[in-house]
Amino acid sequence: MRYAMAIDTKKCVGCSDCVVACQTENNVPIGYCRDWIVEVTDGTYPQLELEIRSERCNHCENSPCVRCCPTGASHYSDGGIVLVTEDMCIGCGACIASCPYDARYPHPDGHVDKCTFCIHRVQKGQNPACVEVCPTKCLYFGDLDDPNSDVSNILKKRKYKTLIPEAGTKPQLYFLI
Amino acid sequence: MNQSRREFLKISSLGIGGVALSAPLFNWAKGAITSGQAPVEDFVNRTPTYCEVCFWKCAGWVYKNEEGNIWKIIGNDDDPHCNGRLCPRGTGGVGMYYDEDRLKTPLIRKTIDGKQQFVEASWDEALDVVAENLNKIKETHGPECVALFTHGSGGKFFGDLLKAFGSTNITAPSFAQCRGPREVAFMSTFGEIIASPERVDIRDTKCLVLIGSHIGENMHNGQVQEMSDAIDKGASIITVDPRFSTAASKSKYWLPIKPATDIALLLSWIHEIIYHEWYDRKYVEQYCYGFDELKAHVESFTPEWAYGITTIKPHIIRETAKEMANASPAVIVHPGRHVTWYGDDTQRLRAVAILNALLGSWGRRGGFYSPEKKDLPSYPHPEYPKPKKTWRDAHPGLYNLAIEVVANDICDSTIPSPDRACNFKAWIVNGTNLIFTLPDQKKTLEAIQNLEFMVAIDTMPMEITGYADVVLPECTYLERYDYCRTDQNREPSIALRMPATEPKYNSKPDWWIVRQLASKMRLDEYFNWQNIEEVLDWQLKQVGTSLEEMKKIGVKKFPREYDDLYFIDGQEIEFNTNTGKIELYSTDLEAEGFDPMPVYTPHPEPEPGFYRLNYGRNPAHTFSRTANNPNLTDLLDENTLWVNPIVAKEWGLSKGQEVWLQNQDGVLSTFPIKVRITERIRHDSVYMVHGFGHAEKKLTRSYGKGASDTEMITNVMVDPVMGGTGMRGNFVTFILENPHKEEVVS
């Protein structure tokens, strides 16, 4: 089992619904977020291109954050989902520094926090909150080992890229281009 | 300086905040829930609602956690407005409930020791003051001298109250400050309006044409969803916008038009479609009136002519006209929503309507469908008294084609003037911050100063509440019943809103406020009920459901009763126009003395050093209403000024630099705004998101954040057809040093 997400940059309008839905679903404190929007404008007026990406933890197969965690709080869970066990985390911040995607933040309660792919929902057969809410349906989630999952199906049809592949972390977010 | 009769009172100075101010900031997530962990959905209660953060009114479920606190709002899968997916504002609607800056208790303006101030009051005291004042005005001036401004579901109860009282002067800025011109234009062309949600068949379209309409930044949920579906299905999008909007970035063609020249582009498209015979000949012959006149009218409006005006190259105008024709009839030249731009807006929207008629898209799959709604009967009441006069009597002959009450006209008719019979002595303002809604703030304030009485009902201490004589705190939509949503869609449906929790603080639902006022105003006979549940249950039973059933399902769909979604090929149709046809040549406009076919007139352009101020939406916010919402402010807490890099270089502006704005009339912005240097805006205009720059300190998250576009809109070009306020003819320049700093010479 290998959970992954595909994000269609051609459909995403950057509305941040994924961000709010994550905040309310997971009680992420105001002022922090587990997912976010990146807009990249290229060119000069009027020859322009805009790429909009909904980003979050890449749940890398070769995660520097898991490797560098001194207490074992950062770990791989079901289907490669990278998680932090809150009461094992000492808040040292090594994982935050090691993440090439800047996907982790120090939670005011003293531990490090990040996207969980909404594992509590996934375990019940539901999609992550961001996928479920997206008005443009630009987020696809599922098991890459299942050839019929939403994410496997869309990756068969579309061109895609990953972010900072040169970091060698084997990220599991696929951006459809 | 004379002290104004109605001094602006900052609600922060009222001493009401004792308890509230010491409340910890937004700690609702704590308690039994470990932060970072979601409550368990299986153990929570859910109650149905429909959203009040914008006018799309998506239906959803409010979930509570184990402690009974509101946790999240999720779309209702059966709702045709949202298909189970709320937008960021709907998802962030919880913030409206938790906002600690909310109005908390009724307030009455009193003069104590020569100083005007708000004094906390009980509901009974506050409502007595409202009832006494309104009844006094009724006796002295007649009930018609009271007007209601409303934007929101609760306003319907105040509408009932006003009608029972004897006035039909009920207005919403959603007409003359927003979609009015398109409704009047489509009414005079097709005999029907667009209404809300828009009857555009985006999901099945092959070509979507957006003219200044930035779907995706305006988060009109169903439309955003369908635009995404259309992209999936390979539809082509043509976007006309001086700004590289999100929609422009998804488009096959982006036409970076010179602002204020859209009618020229539309006329040249019409020219191309007619003279290349790309129009739907059979459709036009069967259904349209005035084709020959139109053909003669547009003869000279070639793409070459339009190029000189719009800066859009002739071959692009031709290609895009062909693109539309190839998709016909599955093409939508979108009528937009906020379309009050230059004062000739009805005529511009007429050109849009004509283009759709030529392409045969009205009544066709992938074009415009025929919507249906399920009406709920009104709860039985005696016939309302017939008013002796209406808003139109203040100025006979003006705006005869307006199909709703013109908000700015009520404002105009409140100021004594030799040109008008002055009608208005009291305003009831519910859920609309007129200071940010109506352009020309000076005029709005002048009108307010001329009122004998004003009551404001709101959830938040918006600027308008500071001018009221009585402020009534309504509870949020998450804490109340309202009338059911019955808005149109492909399938008729009804949605229930019920309280998920008790009202916070000393706030009350609008139905309760109105019911109490009705008694105090001696209008009981029109309100033959005590509790809103009686009314809702009775209404719902008339259509075969009940309050009990609706509490379980939230949304009920009904089968369509009338015609199909689309015309049947060759079907005989009598349109609701004077000629019974689709009027390319408008007999309505002609009869009123206006151009029966749209004409391009040049609009003023900025002087050197000035830039046209364009404004728009951000997906996280609705007007100025959400600017203090903790969840939504977390996404965007201030607006920025989009400036082209060439302009920034000329002025030596740097990224994030704060500038003040001054407009063509010398009006200065109260607050500075940060510069965003971006290629996405033309060199002759600047752009900001509407709704920021709040001056009310009690809005702690939004006070002084960003600048207010409304403050800069002092040149208002009124549409003579329907009274709409054209707001895009304002030009601003940058002031680099704080113009408000105090200098004392001694």
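Being a predicted model, the structure only gives us computed values, none of them experimental.

Participant: Honestly, the domain arrangement of chain B in this entry has me stumped. Any pointers?
Facilitator: Put simply, an interface is often sized by how much accessible area is lost when its parts join up. Residues and elements named next belong to chain B. For chain B, the assigned domains read domain 1 (195-371 + 568-591) and domain 2 (611-735). Taking only C-alpha atoms, the centre of domain 1 and the centre of domain 2 are 29 Å apart. Split by residue class, the side of domain 1 that touches domain 2 holds nine nonpolar, five polar and four charged.

Participant: Explain the interface of chain A and chain B to me, please; I cannot follow it from the model alone.
Facilitator: Chain A puts 37 residues into the contact, and the matching count from chain B is 40 residues. Of all the secondary structure elements, the ones that give two or more residues to the side of chain A that touches chain B are helix H1 (17-26), strand S2 (36-44) and strand S3 (47-55) of chain A. With eight residues, the top contributor of residues to the side of chain A that touches chain B is H1 of chain A. Class assignment for the residues of the side of chain A that touches chain B results in 15 nonpolar, 13 polar and nine charged.

Participant: Sorry if this is basic, but what is going on with helix H9 (residues 262-275) of chain B here?
Facilitator: Residues separated by three or four positions in an α-helix point in the same direction, a consequence of the helix having 3.6 residues per turn. A rise of 1.5 Å per residue sets the reference length of H9 of chain B, with its 14 residues, at 20 Å; its end C-alpha atoms lie 20 Å apart and thus fit the reference within 8%. Counting buried positions along H9 of chain B gives 13 out of 14 residues, so the element sits mostly inside the fold.

Participant: I would appreciate a short explanation of the sheet that holds strand S3 (residues 70-75) of chain B in the present structure.
Facilitator: Two strands in a sheet stick together by hydrogen bonds in their backbones, pointing the same way (parallel) or opposite ways (antiparallel). Residue and element names in this part refer to chain B. With antiparallel pairing, three strands are arranged side by side in an open sheet as S1-S2-S3. Lying at the two open borders of the sheet, with one neighbouring strand each, are strand S1 (46-50) and S3. Neighbour-to-neighbour, the strand axes of the sheet open up by a mean angle of 30 degrees, direction not taken into account. The pairing of strand S2 (residues 59-64) with S3 spans five bridges and is antiparallel. Opposite Tyr-63, over in S3, you have Lys-72 as the bridge partner.

Participant: Explain unusual backbone geometry here, please?
Facilitator: Working note: non-glycine residues mostly have negative phi, and peptide bonds are mostly trans. For the bond from Tyr-45 of chain A to Pro-46 of chain A, the omega torsion is 0 degrees, close enough to zero to count as cis. Take Pro-46 of chain A: it is sitting in the loop between S2 and S3. Cis peptide bonds are those with omega within 30 degrees of zero, and the linkage from Ser-328 of chain B to Pro-329 of chain B qualifies with 5 degrees. When you line up the elements, Pro-329 of chain B lands in the loop between helix H13 (314-327) and strand S12 (331-333).

Participant: How do you make sense of the sheet that holds strand S8 (residues 139-143) of chain A when you look at a structure like this?
Facilitator: Residue and element names in this part refer to chain A. Pairing in this open sheet of four strands is mixed, and the strands run S8-S1-S10-S9 from one edge to the other. Every interior strand has two partners, whereas the edge strands, S8 and strand S9 (160-161), have only one. When strand S1 (residues 3-8) meets S8, the two strands line up antiparallel, connected through five bridges. From the neighbouring strand, Ala-6 faces S8, where its bridge partner is Tyr-140. Strand contacts of helix H6 (residues 150-157): S1, S8, S9 and strand S10 (173-176), with the helix running at about 115 degrees to S8, the strand carrying the most contacts.

Participant: What's the story with the nonpolar core in this structure? I'm lost.
Facilitator: One broad rule of soluble globular proteins: the nonpolar side chains tend to lie buried together. The biggest cluster of nonpolar side chains holds 269 residues, and the ones touching the most others in it are Leu-139 of chain A together with Leu-208, Ile-270, Leu-355 and Met-454 of chain B. Looking at which domains feed residues into this core, each of domain 1 (195-371 + 568-591) and domain 2 (611-735) of chain B supplies at least three. Apart from the residues lying within four places of it in its own chain, the contact partners of Leu-208 of chain B are Ile-202, Met-227, Ala-230, Ala-235, Ile-237, Ile-332 and His-334 of chain B.

Calculation rules
- Residue positions are counted from 1 within each chain, in the order its sequence is given.
- Numbering of ligands from 1 and lettering of chains from A proceed in the order in which they are written.
- A pLDDT threshold of at least 70 governs which residues receive local features in this predicted model, and a stricter bar of 80 or more applies before side-chain atom pairs are shown or counted, although totals over entire chains, interfaces and linings include all residues.
- Residue ranges assigned to each domain were obtained from an automatic or database domain assignment.
- Residue type decides the class: Asp, Glu, Lys and Arg count as charged, Ala, Val, Leu, Ile, Met, Phe, Trp, Tyr, Cys and Pro as nonpolar, and the leftover types, Gly among them, as polar.
- Any pair of residues counts as being in contact when their C-beta atoms, constructed from backbone geometry, are within 7 Å of one another.
- Helix and strand assignments follow DSSP, with helices taken as H or I runs no shorter than four residues and strands as E runs no shorter than two, numbered in order from the N terminus.
- Expected span of a helix, by definition, is 1.5 Å for each gap between consecutive residues, and there is one gap fewer than residues.
- Three exposure classes are used, based on other C-beta atoms lying within 10 Å of a residue's own C-beta, which is placed from the backbone: buried for 20 or more, exposed for 12 or fewer, and partly exposed in between.
- Strand pairing is defined by DSSP finding a minimum of two bridges between the two strands.
- All axes here are fitted lines through C-alpha atoms, helices being fitted over the stretch that makes contact, and every angle between N-to-C directions spans 0 to 180 degrees.
- Connectivity within a nonpolar core runs through C-beta atoms within 7 Å, and the core itself is a set of buried Ala, Val, Leu, Ile, Met, Phe, Trp, Tyr and Cys residues.

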